[in-house]
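As a plain string of letters, each chain reads:
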Amino acid sequence: MAFNMESLAEAASGAIGSLLSTTILYPLDTCKSKYQAELQVHGQSKYRNTLDVLLEAISSRQVISLYQGLGTKNVQSFISSFIYFYGYDFFKKLYLKKSGFKSIGTRANLIIAVVAGAFTVIITQPLDTASSRMQTSDFGKSKGFWKTLSEGTWSEAFDGLGISIILTSNPAIQYTAFDQFKQRMLKKKMKSNREVESSPESLSAFSAFVLGAVSKCSATCITYPLIRCKVMIQAAESEGNAEDEAELKARKTISGSLHAIWKKEGLMGFFKGLQPQILKTVLSSALLLMIKEKISKTTWVLLLAVRRYLFLTRARLKSS
């Protein structure tokens, strides 16, 4: 029972951390996404950097539009993080229990992280697609969740699913690196308390933030070309876009988006928006892991208290 409770505590704390970090950094995420989604036309582009996106929102008095799609994104972040952290923690502990090992190796950790990530992506992809379209639509013209998805076919709700599954390697690399560094740090400060129901040891807020930033930065640099392709595939189509329908349709595939970037922007186009992506994802992941580490112990205690309360209540009902 403690095994499932701890997995549930991990999932709940991770989901709450994701929700808070997503909300705090959402305007930066919107600016980054709009900048990434834009492809040069005749060697010219509307935005030179993410600051231009912010200035456009301010000059057009649409600052509130920097939050368009926040509700959908928060639901997607909460659900995906809950499923991912529960699955990751559950299968990791199951592996340790079945194998008899005291710690999990890097290869097994990566496999478990990828499986948990792929399962999460399949479930939450429509939410991810909708939030991306709402973010990248023109300021003040974003539509609601249902209208955004209903305008296309059901299969279009899963635009970018293939590349999203490939990109599960990103959090897999991140959380595997974080988990390995965390285990090494905790071994140095491990206490002698080994009671069955004692709360698990956690990192300090600063240590969790630093480890989260380093692990996410590495994963982002490795997978960035695919990250930009995913944004382009899921982006809303601008009404003023001069591209023909055939070219827009081609860009909805991985090979088509890669070819379009190479043709119009060259090699450096694959890394357009890398700096804001690193800033956003590193801050987001570092905040998520910091919040998760600080509230995981509290979440564990609360869930343990609820379990004991339900057990005592059940015992009283049986005795009466």
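Preceding this section is the structure that the text describes.
Residues numbered from 1 in each chain as written. Predicted model: local features only at pLDDT ≥ 70, side-chain atom pairs only at ≥ 80, totals over all residues. Heavy atoms only, no water.

Engineer: So, the overall build of the chain: which residues are in play, and what are the values?
Structural biologist: Of the regular secondary structure elements, the chain holds 12 helices and 0 strands. Going from N to C terminus, the chain has its helices and strands arranged as α-α-α-α-α-α-α-α-α-α-α-α. Taken across its 320 residues, the chain has 47% of its residues classed as buried. When contacts within the chain are restricted to residue pairs at least 6 apart in sequence, long-range pairs at least 24 apart make up 80% of them. (Helix = DSSP H or I, 4+ residues; strand = E, 2+ residues; numbered from the N terminus. Buried < 20%, exposed > 50% of the residue type's maximum accessible area, 1.4 Å probe, protein only. Contact = heavy atoms within 4.5 Å.)

Engineer: Just give me the short version of a nonpolar patch on the surface, but keep the residues and values in it.
Structural biologist: On the surface, a cluster of nonpolar side chains totalling about 680 Å² of accessible area is made up of Ile16, Leu20, Ile24, Val75, Phe78, Ile79, Phe119 and Ile123. Breaking the nonpolar patch down by element, the ones donating at least two residues are helix H1 (2-24), helix H4 (70-99) and helix H5 (106-136). Counting through the fold element by element, Ile16 comes out in helix H1. (Patch = residues over 30% accessible without salt bridge, like charges linked within 9 Å, V, L, I, M, F, W, Y side chains within 5 Å. Areas by Shrake-Rupley, 256 points an atom, 1.4 Å probe, with all protein chains shown as cover. Salt bridge = Lys/Arg side-chain N within 4 Å of Asp/Glu carboxyl O.)

Engineer: Run through the packing of helix H9 (residues 205-234) against helix H11 (residues 254-265), naming residues and quoting values.
Structural biologist: At a minimum axis distance of 9 Å, the contact between H9 and H11 shows a crossing angle of 105 degrees. In terms of their interaxial angle, H9 and H11 are classed as roughly perpendicular. Contacts from Arg228, Cys229, Met232 and Ile233 of H9 reach H11 at Ile254, Ser257, Leu258, Ile261 and Glu265. Class assignment of the residues belonging to the contact of H9 with H11 gives a composition of 6 nonpolar, 1 polar and 2 charged. (Axes fitted to C-alpha atoms, helices over the stretch in contact; angles between N-to-C directions. Parallel < 35°, antiparallel > 145°, perpendicular 65-115°, else oblique. Nonpolar A, V, L, I, M, F, W, Y, C, P; charged D, E, K, R; others polar.)

Engineer: Describe the environment of Gly17, with residues and values.
Structural biologist: Looking at the secondary structure, you find Gly17 in helix H1. You can call Gly17 buried: its relative accessible area is 0%. Considered as a pair, Gly17 and Ser81 are 64 residues apart in the sequence and their alpha carbons are 8.7 Å apart.

Engineer: I'd like to hear about the state of the cysteines, residue by residue, with values.
Structural biologist: Under the criterion given, the structure shown has 0 disulfides. No disulfide involves Cys217; its nearest neighbouring cysteine sulfur is the one of Cys221, lying 4.4 Å away. The class for Cys221 is partly exposed, based on a relative accessible area of 35%. (Disulfide = S-S within 2.5 Å.)

Engineer: Describe the packing of aromatic side chains, with residues and values.
Structural biologist: Enumeration over the complete set of coordinates arrives at 8 aromatic pairs. Taking the centre distance of 5.9 Å and the plane angle of 5 degrees together, the rings of Tyr84 and Tyr88 count as stacked. Of this pair, Tyr84 and Tyr88 both sit in helix H4, 4 residues apart, which is roughly one turn of that helix. Tyr84 sits in the buried class, given a relative accessible area of 6%. (Phe/Tyr/Trp six-rings, centres within 6.5 Å; stacked < 30°, edge-to-face > 60°.)

Engineer: Which residues make up the pattern of salt bridges, and what values do they have?
Structural biologist: Should their charged atoms come close, side chains of opposite charge can pair. Here the structure, examined in full by the defined rule, presents 11 salt bridges. Close ionic contact of Glu56 with Lys46 constitutes a salt bridge, the shortest N to O distance being 2.9 Å. On the criterion of sequence distance, the pair formed by Glu56 in helix H3 (residues 50-59) and Lys46 in the loop between helix H2 (26-37) and H3 is long-range, its members being 10 residues apart. Given a relative accessible area of 22%, Glu56 falls into the partly exposed group. Connected via shared salt-bridge partners are Glu38, Arg228, Glu265 and Lys272.

Engineer: Tell me about the nonpolar core, and please be specific about residues and values.
Structural biologist: Among the nonpolar cores identified, the biggest contains 18 residues, and Tyr84, Phe85, Tyr88, Tyr175 and Leu203 are the most heavily contacted of them. Going through the elements one at a time, H4, H5, helix H8 (169-189), H9 and helix H12 (274-319) are the ones with two or more residues in this core. Excluding residues within four positions of it along the chain, Leu203 makes contact with Phe178, Lys182, Met185, Leu186, Ala208, Leu211, Glu293 and Lys294. Core analysis: the second largest hydrophobic core is formed by 15 residues, Ile227, Phe270, Ile278 and Ala286 among them. (Core = buried A, V, L, I, M, F, W, Y, C linked by side-chain atoms within 4.5 Å.)

Engineer: Can you explain the side chain of Glu38? Please cite residues and give values.
Structural biologist: By the element assignment, Glu38 lies in the loop between H2 and H3. Looking at Glu38, the relative accessible area reads 15%, which means it is buried. When sequence neighbours within four positions are dropped, the list of residues in contact with Glu38 reads Ser45, Lys46, Tyr47, Arg228, Glu265 and Lys272.

Engineer: Outline the environment of Ala57, listing residues and values.
Structural biologist: For Ala57, the position within the fold is in helix H3. Judged by its relative accessible area of 0%, Ala57 is buried. What Ala57 contacts, discounting residues up to four positions off in sequence, is Gln62, Val63, Leu66 and Phe139.

Engineer: An account of H3 is requested, with residue identities and associated values reported.
Structural biologist: Residues of H3 that are buried include every one of Thr50, Asp52, Val53 and Ala57, and no others. What you see down the axis of H3 is that its buried residues fit within an arc of 155 degrees, all on one side. At the N-terminal boundary of H3, the capping side chain belongs to Asn49, with an oxygen 3.1 Å from the backbone nitrogen of Leu51. (Arc of directions from axis to C-beta. Polar contact = N/O pair within 3.5 Å; in protein donor to acceptor, adjacent residues only side chain to side chain.)

Engineer: Just give me the short version of unusual backbone geometry, but keep the residues and values in it.
Structural biologist: Phi is positive for Arg61, close to 55 degrees, though the residue is something other than glycine. Among the secondary structure elements, Arg61 is positioned in the loop between H3 and H4. Judged by relative accessible area, which is 78%, Arg61 ranks as exposed.

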